[in-house]
Every structure is written in structure tokens, then in C-alpha cells.
Amino acid sequence: MKQNKPLPKIALGAWAWGNDGTFGGDLTDADLRPVFDAAMKAGLNLWDTAYAYGMGTSEKVLGEFLHTVPRDSYLISDKFTPQCANPTAENAVTAMYEASAKLLGTDYMDIYWIHNPVGAPEWTRKLIPLAKSGKIGRIGLSNHNMAEIREAAAILEKEGLKISAIQNHYSLLNRSSETSGILDYCKENDIVFFSYIVLEQGALSGKYDTKHPFPSDSDRGAVYNPMLLQLEKLNAGLKEIADKHGVAVAQLPVAWAIAKGTLPIIGVTKVYQVEDAARAAALELTADEIETMKRLAGETPLNVIRYWEKEMK
């Protein structure tokens, strides 16, 4: 097995590169190439994708860019999604892995995840041959609760393997992976916790409010527009802290997630988003600022758990 390379403080998500409309609109290679180049220049070289993002579209676009730089200059985080499994394949996990690897132009995934627990623990068992073959650096579980994590850990332990990464929705507005004990479990077991939707798809970026809502015909608009009035106090508080540091509001929830010991995955479709991510990685919040952000978020009790998720217990 190849030696695992150190991880940057932030991973960049290519889920919107799949063009399915959930996380963004139509994007071309010409739109995204400057984003990729800016990220690599900034040292943000951990790319998170999945076959499920546009049924291979995200991987194909990302793979075309990755092909132009040395393999040892980047890390790939990819996923097996149970809902996309080939029912006729001898091993659906291996089949999806190989399809993804071909699109990405690699024979090795730095992190390979079981995307969600549908059908668990069957998929954990079917991941074992891949892991033992040396084609996976770190084994990850995404959207799994505490019981499901322990179940998978026990299966892997019998084979001399371990979970190295957990990826769940974690933000100022959704701390269920913290209150359930998952973050503590990760710290105790040398597992990297990846936090996604840290910015609540832009709702915590300071860009949107009741006067400037999300597009009404978008998935994000349907979810977050009804919450914008309640979010105004939180975003105003974030802006006060951001102004003290001379940074954009969008950098604060990311810096907060890093301060909480997690590795945020930030979806990027614009160069300025990469620049914000790089600055957030360098931003150090005070203990008082972290506590203020937690308090403001606690005063904004909103259910931001998305349709594919559950509250972690």
C-alpha cells in the first residue's frame, strides 16, 4: 500500500461539477479550469468527488484537469454510492471504483468512502478486497451514525483494517456529529473528520439575505430562502467578527470548523471561493470568537438536515 500523504487543512468539493443542479448550475471546462489552477497554486490539492455527482461527469471533468499535473501533486477523495451500485456486478464496490478510477485517470484513491449506510454493512465487507489490494490509502465512511461507524469498524478490524476518515454534514447550524459523540470518537481513534456543507450551501456566506435570496427555482432556494429572515442575526454577528479580521464572512464558518478539529470540504466553482478557502485555512479565531459563533448559532434553531441525511445519534 502506498504511504498516505499529509492532508491539507481544507478539501475542495467538485460535486457541483456534475451539473445535476443540486449544488449549482451548468458549468463548462472553461469555467472550471481557472478554479482548478488557482487551487493547486494555493496548495489546496485534496479533491473530493463521487461517481454519483452527475453520474461520472464530475470525475470526468476533474480527471481531465488532473491528467495535466503529476500524480504525486494531488490527492483524490472518491466514493462508492450504494444507490448507484451495479446489481449485476460480482462486486459492485470494485466495479464502481474501477469506473471512477478510469474517469479520473488513476489507479489509486487516496481516500475511498462508502457514501452512505444504505445496505450497510454489506458494502463495508465488499470494500475489503480493494483495501487489501493497496488501491485505497484511507477507508472512509460518509453519512454514518455512531452505531453504523462502530459496526463497520468491527468488520474492518477483523481483517486488520481500520476506518481512517468520517465525513458528515457539520456546521454552525448542524452539530449533531459533535453532540452524538462522533467527533470525540474520531479523536480517540485517530480518524480524520471531514465536515461538509459547512457554509450551508452559501446561507452562511453573508451573500444571501431576505433582500438577496437564492434563486427561487433552485434546490438551495427551496431549502434556505424560508430561513433567511431567521439567519440575519447570525450572519450579522459573523460579519462583525469577519470585519475585525478583515476577511469575508464566508471564511468564518470554515475557520470555525477547522478550529473544531475537522477538515472542511468546500465546494468551489469560482476562483474567489478558492481564495476564500485558502484564507480561511490561515485564519485563527480566538476562543471568545468561537464561543460567540456557537452562541449565535444556538439562538438560530433551524433544521438544515437535507433529504439524503439524518440527525446523527
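Please refer to the structure placed before this passage.
Here's a quick rundown of the structure. Note that the coordinates shown come from a computational prediction; the quantities given were computed from them, not determined experimentally.

With that out of the way, let us pick up the packing of helix 9 (residues 228–245) against helix 12 (residues 287–298). Following both chains from N to C, one finds helix 9 and helix 12 inclined at 165 degrees, their axes separated by 9 Å at the closest point. In this view, helix 9 runs roughly antiparallel relative to helix 12, as classed from their interaxial angle. The hand of the helix 9/helix 12 crossing is left-handed. Where helix 9 approaches helix 12, its residues Lys233, Leu234, Gly237, Leu238, Ile241 and His245 are matched on the opposing element by Glu289, Thr292, Met293, Leu296 and Ala297. Counted by class, the contact of helix 9 with helix 12 contains six nonpolar, three polar and two charged residues.

Our focus in this paragraph is the packing of aromatic side chains. Summed over all chains, the structure comprises eleven aromatic pairs. Ring centres of Tyr208 and Phe214 lie 3.8 Å apart, and the angle between their planes is 20 degrees; on these two criteria the pair is classed as stacked. Per residue, the accessibility class of Tyr208 equals that of Phe214, and both read buried. One aromatic cluster is present, built from ring pairs that chain together Trp17, Phe36, Trp47 and Phe65.

As a further point, take empty space enclosed by the protein. The full count for this structure, using the stated rule, is one cavity of 30 Å³ or more. Here the largest cavity defines a volume of roughly 30 Å³. Taken together, Asn143, His169, Asn174, Ser176, Glu309, Lys310 and Met312 make up the full set of residues lining the largest cavity. Per-class residue counts for the lining of the largest cavity are one nonpolar, four polar and two charged.

Another point: the side chain of Ser176. Looking at the element boundaries, Ser176 is found in helix 6 (residues 176–179). A distance of 3.1 Å separates a polar atom in the side chain of Ser176 from a polar atom in the side chain of Asn174. A distance of 3.2 Å separates a polar atom in the side chain of Ser176 from the backbone nitrogen of Met312. For Ser176, the contacting residues outside a window of four places in its chain are Glu311 and Met312.

Within helix 4 (residues 122–132), burial applies to Trp123, Thr124, Leu127, Ile128, Leu130 and Ala131. Packed against the buried residues of helix 4 are strand 3 (75–80), helix 3 (92–104), strand 4 (109–114), strand 5 (136–142) and helix 5 (146–157). Positive phi shows up at Gly134, right after helix 4, with a value of about 85 degrees.

This next bit is on the layout of surface pockets. By volume, the largest pocket is sized at about 690 Å³. Lining the largest pocket are 30 residues, and of these Gln201, Gly202, Arg220, Gly267 and Gln273 lie nearest its centre. Among the elements of the structure, helix 10 (251–259), strand 8 (263–267) and helix 11 (271–282) are those that each provide at least two residues to the lining of the largest pocket. The greatest single-element share of the lining of the largest pocket, amounting to five residues, is contributed by helix 11. For the lining of the largest pocket, the class distribution of residues is 16 nonpolar, nine polar and five charged.

The next subject is the sheet that holds strand 3. Judged by pairing direction, the barrel is parallel, and its eight strands sit side by side in the order 1-2-3-4-5-6-7-8 before closing back on the first. Looking at each pair of strands side by side, their axes are set apart by 30 degrees on average, direction ignored. By the bridge criterion, three bridges tie strand 7 (residues 192–196) to strand 8 in an arrangement that is parallel. Each bridged residue has a counterpart across the sheet, and for Phe194 the counterpart in strand 8 is Leu263. Of the strands in this sheet, strand 5 and strand 6 (163–169) are in contact with helix 5, which crosses strand 6 at around 160 degrees.

Relative to the elements of secondary structure, Ser218 occurs in the loop between strand 7 and helix 8 (219–224). Residue Ser218 is classed as buried on the basis of its relative accessible area of 19%. Of note is the side chain of Ser218, whose polar atom sits 2.9 Å from the backbone nitrogen of Gly221.

Basis of the calculations
- Residues numbered from 1 in each chain as written.
- Predicted model: local features only at pLDDT ≥ 70, side-chain atom pairs only at ≥ 80, totals over all residues.
- Heavy atoms only, no water.
- Axes fitted to C-alpha atoms, helices over the stretch in contact; angles between N-to-C directions.
- Helix = DSSP H or I, 4+ residues; strand = E, 2+ residues; numbered from the N terminus.
- Parallel < 35°, antiparallel > 145°, perpendicular 65-115°, else oblique.
- Left-handed = near helix turned anticlockwise from the far one by under 90°.
- Contact = heavy atoms within 4.5 Å.
- Nonpolar A, V, L, I, M, F, W, Y, C, P; charged D, E, K, R; others polar.
- Phe/Tyr/Trp six-rings, centres within 6.5 Å; stacked < 30°, edge-to-face > 60°.
- Buried < 20%, exposed > 50% of the residue type's maximum accessible area, 1.4 Å probe, protein only.
- 1 Å grid on protein atoms, 1.4 Å probe; cavity = no way out; pocket = protein on both sides within 12 Å on 5 of 7 lines; lining within 4 Å.
- Points joined across faces, edges and corners; volume = space filled by probe spheres on them.
- Polar contact = N/O pair within 3.5 Å; in protein donor to acceptor, adjacent residues only side chain to side chain.
- Pairing = 2+ DSSP bridges.

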